[in-house]
Amino acid sequence: MASEDELMMQDATDDGESFDDDFYSGGDAHDDSDDDDVMDYDFIDNDSDDSDTVIAHHRSQSNYSILNEADIHKCQEESITKISTVLSIPRVAAGILLRHYNWSVSKVNDEWFADEGKVRRIVGLLENPMPLPDGEELTCGICFDVYPRKEISAVACGHPFCLTCWQGYISTAITDGPGCLMLRCPDPSCSAAIGLDMINKLANDDDKKKYNRYFIRSFVEDNRKTKWCPAPGCDYAVDFIVGSGSYDVTCGCSYSFCWNCTEETHRPVDCGTVSKWILKNSAESENMNWILANSKPCPKCKRPIEKNQGCMHITCTPPCKFEFCWLCLGPWTDHGERTGGFYACNRYESAKQEGVFDESEKRREMAKNSLERYTHYYERWATNQSSRQKALSDLQQMQTVHLEKLSDKQCQPESQLKFIIEAWLQIVECRRVLKWTYAYGYYLPEHEHAKRQFFEYLQGEAESGLERLHQCAEKELQGYLDAQGPSKEFNEFRTKLAGLTSVTRNYFENLVRALENGLSDVDAHGAYSRAASSKSLGGGSIKGKGGRGKGTTSRSSSSRNIDDSGHWSCEYCTYANVRPATACQMCQQRR
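Residues numbered from 1 in each chain as written. Predicted model: local features only at pLDDT ≥ 70, side-chain atom pairs only at ≥ 80, totals over all residues. Heavy atoms only, no water.

A. Geometry of the overall build of the protein. Within the protein, the secondary structure is distributed over 18 helices and 17 strands. Looking at the 591 residues of the protein, the share that counts as buried comes to 47%. Once local pairs closer than 6 in sequence are excluded, the contacts in the protein between residues at least 24 apart make up 57%. As displayed, the protein has an accessible area near 29300 Å², and 50% of this comes from carbon and sulfur atoms. (Helix = DSSP H or I, 4+ residues; strand = E, 2+ residues; numbered from the N terminus. Buried < 20%, exposed > 50% of the residue type's maximum accessible area, 1.4 Å probe, protein only. Contact = heavy atoms within 4.5 Å. Areas by Shrake-Rupley, 256 points an atom, 1.4 Å probe, with all protein chains shown as cover.)

Okay, here's the thing in structure tokens:
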């Protein structure tokens, strides 16, 4: 007789389309225009020190490409060739133009054909180059010494300078930084541009390497379509198609980041919220809130003092040493048995009743509440980040060690065990999403109670699904790793883990979609919309594709629901057409 887990997963397999239904919206998810973005969402997000083998699992995206140094150089050469060919100018001049216009081929063409003369004046390209003055010997314009003609050089303007002065001038400019790419003639009255040909001709080898490095980097740093990967030590650049949808980018080093703000990938939270959250985590304002909420100023020297235990008798630290009452802040010499003893202060109680401390207490209470709220969200944000790092470590261990071990013990090829890697990749991605939902929740307005209730419901369901998947991939898998030989239950475990992976992915896709839509299932009047109401407030069942009913999500309702057509559905795990006699493991764990 099949086990409950097997029957549950078989139901899910027979009704595979139910995984793709829009669980929370109540409509056909495949009809939404935003679904392309959801389906393209990359569930790979790794830090710069992750295993390179993770890269092979992420789906390629058409809106960006990863460039190494050779690719950047190739793109530069192609751009220079285009400009040189179209404008019929030397390649050196084409390179100068592109650097000035931030490597935008279209911008160069537009400006050039609009007013060629103006562009030449701005950039420093002379239309009629000037030769060196006549004579066998010429005077250097910097050191004013006389040199043979062969030891004198000049750019298109014809101003003569000796080779030694040229080398010193170029070396100083290169040492000063990337500004050397816009170098002009040393003559103060001249603005003729110095091109790459002069650098290669006159600079020493070290300066040439530095200049070429600046030249390569300028293509990325000056180009609005390209950015360097922000991972430490990474030399890859990302060429992005602006306006093409999601900003999530996975570099060749396996680090994932947002191309728009260069912070780590943070979907579904927008860049503005991420910026505010990171600033808040590092701001001194939270330190001040803590001081205000947990300390009081010494009445004499005004230094903040924290009281964590003991009586109300406080002695300030040297050199102040003022003794006072913690409650009323009055001198301790005025206190004693007549004021309530060491652990009370009736002066404070009477003054509080008269409203003497209302303002200060109100400020302290507000600071304490604000601090507690921030701490709540920050701790969970940081905990999920730590869990994600641990999951990344476990994923790498699984790829490099455990997969081969499991293959030997279960007598199955590693290609048949990829479902385990997919489960861990899903865990890593879900931890990242869950982490940023806490930043989202912190900035969700407190007065929008319906939205907050809906958000916490979605977050809770996603988190519960993730915990079930994480437990299965970590603890239950360990039993098969420790087994002495092949296990008959391994195929059941495969079905269960694959099903949990799909279910968890469905939860988080719904969560991401809801947050990116601004929790639009809650209307302007603070009530749930049709779909949200049916799901969260215990209304009727929601019809999915093909008329399959989805269960209600009221916490007080039964964990199994039946719709108008007689189909049973599971409240928590999104399975439809579950047989009434089959207990759903998800629901068993929630009961």
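We are not done yet, so read on.
B. Broad picture of the sheet that holds strand β1 (residues 64–67). The sheet built from 3 strands is open, its strands ordered β1-β7-β6 with antiparallel pairing. Two strands in the sheet have a free side with no partner beyond their single neighbour: β1 and β6 (226–228). Going across the sheet, the axis of each strand differs from the next one's by a mean of 25 degrees, ignoring polarity. Against the sheet, helix α3 (residues 69–87) makes contact with β1, β6 and β7 (237–240), and its axis sits at roughly 110 degrees relative to β1, the strand it touches most. Lying over the sheet, helix α9 (residues 205–221) contacts β6 and β7, oriented at roughly 120 degrees with respect to β6. (Pairing = 2+ DSSP bridges. Axes fitted to C-alpha atoms, helices over the stretch in contact; angles between N-to-C directions.)

C. Representation of the packing of helix α10 (residues 271–282) against helix α14 (residues 418–443). Two elements in contact, α10 and α14, have axes whose closest approach is 10 Å; the angle formed by their N-to-C orientations is 90 degrees. By the angle between their directions, the pair α10 and α14 is classed as roughly perpendicular. Every residue of α14 that contacts α10 at T273, V274, K276, W277 and K280 is listed here: W436, A439, Y442 and Y443. Looking at the contact of α10 with α14 residue by residue, the classes come out as 6 nonpolar, 1 polar and 2 charged. (Parallel < 35°, antiparallel > 145°, perpendicular 65-115°, else oblique. Nonpolar A, V, L, I, M, F, W, Y, C, P; charged D, E, K, R; others polar.)

D. Focus on α9. End to end, α9 covers 24 Å across 17 residues, agreeing with the expected 24 Å (1.5 Å per residue, within 8%). Along α9, the residues that are buried comprise D207, Y211, F215, I216, S218, F219 and V220. Lining the buried residues of α9 we find α3, α4 (91–100), α7 (163–176), α8 (196–202), β6 and β7. Put simply, N204 is the residue that caps the front of α9, since its side-chain oxygen is 3.2 Å from the backbone nitrogen of D206. (Expected span 1.5 Å × (residues − 1). Polar contact = N/O pair within 3.5 Å; in protein donor to acceptor, adjacent residues only side chain to side chain.)

E. Local environment of unusual backbone geometry. Look at the link from R267 to P268: it is a cis peptide, with omega at 15 degrees. Among the secondary structure elements, P268 is positioned in the loop between β9 (256–258) and α10. One non-glycine residue, S88, adopts positive backbone phi at about 55 degrees. For S88, the location among the structural elements is in the loop between α3 and α4. On the basis of relative accessibility, which here comes to 65%, the residue S88 falls in the exposed class. For S254, which is not glycine, the phi torsion reads 85 degrees and is therefore positive. Tracing the chain through its elements places S254 in the loop between β8 (248–250) and β9. Judged by its relative accessible area of 1%, S254 is buried.

Interpretation in functional terms is not warranted from these geometric data alone.
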